[in-house]
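Below are the chains, spelled out letter by letter.
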Amino acid sequence: MKNFEDYEEDIYKCSRCGLCQSVCPVYRASLNECAVSRGKFNILNGIIKGDLHFSDNVKKYLDLCTGCNACKDFCPSGINAREIFVAAKREYYKDKKLTPAQKFLNSYFLFKTLLCCTGAAAFLMRISGLTYVVKFFENIILKTGYLGKRLVLLNSLIFPVFNKKLSAKKCTKKQTAVYFEGCFNKYINDDTEKAVKFLLEQNGIGFIKKDFECCGISYLQDGNTMQFEKLMNTNINKQDCDCVYLITDCASCNFVLKEYQNYANTRAAADFSSKVTGAVELIKDINFEAIKPLKVAVHKPCHDSYDFIEVVKNIRGIDFVEVEDYDKCCGFSGKFAIQNQKISREISRQKMQHYTGKDIDFVITTCPACLLGLNQGLAEIDASKKPIAINLFVFLAKYCHRLSDAF
Ligand code: SF4
Ligand code: SF4
């Protein structure tokens, strides 16, 4: 892991050309010069020269970043801004003596408690049927303002897509995989887990669950390396059996679990990361057919590759629409979406306006946080027909037949 000082040369490389402005979603939504890489590099230059230090205010500006990496792909000097901001935030945590309140707000205990509370609310809304009531009156609730929009957003998270039990046709298990379920499946809504299980069991892959903790991506992104390393080491130690795959169905978990080997630098971490396999990789050779004609588009999460889009394009019977900015950030990125709600909502809105008015039935993606971003954007748009944001595996399990097996 490189330290902040190791990036000094990269920071000097910034020519202040300003090209990053045109691609930075935070700048486009806020028009705040400090949000764009160039602005943050000005601040970091001040730190290198000794004119500034890693204060709460500097951290606040460094946090104005979703970590989407769009500026890296666009920057003529090839600067990896996201990596530099994370290294700078690590210095903040090293320098700063957090108050007890700040420690509590940053704690994994609070994060897990919030997830458990959301999970309990989801359970109560589902068994009481409230989630169906909110869905039915969604358009009216959206008009009530901020709280109505938040309620619809929460409901989109927990609404059960599988209202009937799906069971895979009889299969013989040829391989066993450890399943990294991720926080969303574990605490809030396990529809995606059920769909992945359904699709993979038909391919002869059985699941073992290991009660893993969060992958740690939001702590890594925040520069809170101490908390990230605790979670990483716990997860590495829990993978204590001999398996071929460690399956993830979330683009962000998949990305960060593969990075463990670079942070822990141990044989166990290398073994762990080498087994991490995105569920997409295991289903990409299956031929699917939609159960009825459907118009679909995709949203590519910042942490995913373009592979899953090929899976979608190859589904027989769908009308695939390539939407402008389909691979741009959805605005929902861990702590960023909580700390900068207004900007986050505006990024999501700008994104989703490309998908409305085109008669699209579904927007398919592979990350639970992106589903939140897409739904957050849809809640901001007033349109008679809006697409449904859906996870790839849920879409394949619910709206497609398989025409052939992968192996
Ligand atoms: S595009 Fe790169 S070189 Fe140009 S201002 Fe942005 S970070 Fe600096
Ligand atoms: S990583 Fe994305 S959000 Fe962050 S500064 Fe670059 S373009 Fe903006």
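Predicted model only: the values in this text are computed from it and were never measured.

1. Remarks on the overall build of the protein
When helices and strands are tallied, the protein shows 23 helices and nine strands. Each principal axis of the C-alpha atoms in the protein carries an extent, and together these give about 65 × 50 × 40 Å. Within the protein, the fraction of its 407 residues that count as buried is 54%. Split by element, the accessible area of the protein, about 18900 Å² in all, is 54% carbon and sulfur. Charged side chains of the protein number 56 positive and 45 negative; the gap between the two group centres comes to 4 Å.

2. Focus: the sheet that holds strand S4 (residues 276–278)
Across the sheet, four strands lie side by side as S2-S1-S3-S4; this open sheet has parallel pairing. Only two strands of the sheet have a single partner each, and these edge strands are strand S2 (205–209) and S4. Across the sheet, the mean angle separating the axes of adjacent strands is 45 degrees when strand polarity is ignored. Relative to S4, helix H16 (residues 251–264) is tilted by about 155 degrees, and along the sheet it contacts strand S1 (175–180), strand S3 (245–248) and S4.

3. Notes on the site of ligand 1
Taken together, Cys 14, Ser 15, Arg 16, Cys 17, Gly 18, Cys 20, Ser 37, Arg 38, Phe 41, Cys 75, Pro 76 and Ser 77 make up the full set of residues adjacent to ligand 1. Taken together, the residues of the shell around ligand 1 sort by class into six nonpolar, four polar and two charged.

4. Things to note about the packing of aromatic side chains
Across all of its chains, the model carries 18 aromatic pairs by this definition. Both rings, one in Phe 41 and one in Phe 85, keep their centres 5.7 Å apart while their planes meet at 45 degrees; by these two values the pair is tilted. Of this pair, Phe 41 sits in helix H3 (residues 37–49) while Phe 85 sits in helix H6 (residues 81–95), placing them 44 residues apart in sequence. Across the pair, Phe 85 and Phe 41 agree in class, each one buried. Seen from their ring centres, Phe 212 and Phe 272 are 6.3 Å apart, and the 85 degrees between their planes marks the pair as edge-to-face. Of this pair, Phe 212 sits in the loop between S2 and helix H14 (217–222) while Phe 272 sits in helix H17 (residues 267–275), and the two are 60 residues apart along the sequence. Put simply, the rings of Phe 180, Phe 212, Phe 228, Tyr 260, Tyr 263 and Phe 272 touch in pairs and so form one group of aromatic residues. A cation sits over an aromatic face here: Lys 135 above Phe 159, 5.3 Å from the ring centre.

5. Quick word on the pairing of strand S5 (residues 287–298)
Taken together, the four bridges between S5 and strand S6 (residues 316–320) define a ladder with parallel strand orientation. Counterpart to Glu 289 in the pairing with S6 is Arg 316. As judged from the three bridges shared by S5 and strand S7 (residues 362–365), these two strands associate in the parallel manner. Each bridged residue has a counterpart across the sheet, and for Val 296 the counterpart in S7 is Phe 362.

6. A word on the packing of helix H21 (residues 341–352) against helix H22 (residues 368–379)
Running from N to C, H21 and H22 cross one another at 80 degrees; their axes reach a closest spacing of 7 Å. Judged on the interaxial angle alone, H22 and H21 are roughly perpendicular. Of the residues in H22, those touching H21 at Ser 344, Arg 345, Ser 348, Arg 349, Lys 351 and Met 352 are Gly 373, Leu 374, Gln 376, Gly 377 and Leu 378. Each residue belonging to the contact of H21 with H22 can be placed in one class, and the counts come to three nonpolar, five polar and three charged.

7. Some details on the domain arrangement of the protein
The domain boundaries assigned to the protein delineate domain 1 (4–95), domain 2 (103–158), domain 3 (175–282) and domain 4 (285–404). Here the C-alpha centroids of domain 1 and domain 2 sit 34 Å apart.

8. Some points on the nonpolar core
In this structure, Ile 247, Ile 364, Leu 392, Phe 393, Phe 395 and Leu 396 are the most contacted members of the largest nonpolar core, which totals 97 residues. Once residues within four sequence positions are removed from consideration, Phe 395 is found in contact with Leu 294, Val 296, Ile 315, Phe 362, Ile 364, Ile 390 and Cys 400. Among the nonpolar cores identified, the runner-up in size contains 32 residues, and Ile 43, Val 58, Leu 62 and Ala 81 belong to it.

9. Looking at the state of the cysteines
Per the stated rule, a full pass over the model turns up zero disulfides. Take Cys 370: it sits in no disulfide, and the sulfur closest to it among the cysteines is that of Cys 367, at 3.9 Å.

Rules behind the numbers
- Residues numbered from 1 in each chain as written.
- Chains lettered and ligands numbered in written order.
- Predicted model: local features only at pLDDT ≥ 70, side-chain atom pairs only at ≥ 80, totals over all residues.
- Heavy atoms only, no water.
- Helix = DSSP H or I, 4+ residues; strand = E, 2+ residues; numbered from the N terminus.
- Buried < 20%, exposed > 50% of the residue type's maximum accessible area, 1.4 Å probe, protein only.
- Areas by Shrake-Rupley, 256 points an atom, 1.4 Å probe, with all protein chains shown as cover.
- Lys, Arg positive; Asp, Glu negative; His and termini not counted.
- Charge placed at Lys NZ, Arg CZ, Asp CG, Glu CD.
- Pairing = 2+ DSSP bridges.
- Axes fitted to C-alpha atoms, helices over the stretch in contact; angles between N-to-C directions.
- Contact = heavy atoms within 4.5 Å.
- Near = heavy atom within 4 Å.
- Nonpolar A, V, L, I, M, F, W, Y, C, P; charged D, E, K, R; others polar.
- Phe/Tyr/Trp six-rings, centres within 6.5 Å; stacked < 30°, edge-to-face > 60°.
- Lys NZ or Arg CZ within 6 Å of the ring centre and 35° of its normal.
- Parallel < 35°, antiparallel > 145°, perpendicular 65-115°, else oblique.
- Domains from an automatic or database assignment.
- Core = buried A, V, L, I, M, F, W, Y, C linked by side-chain atoms within 4.5 Å.
- Disulfide = S-S within 2.5 Å.

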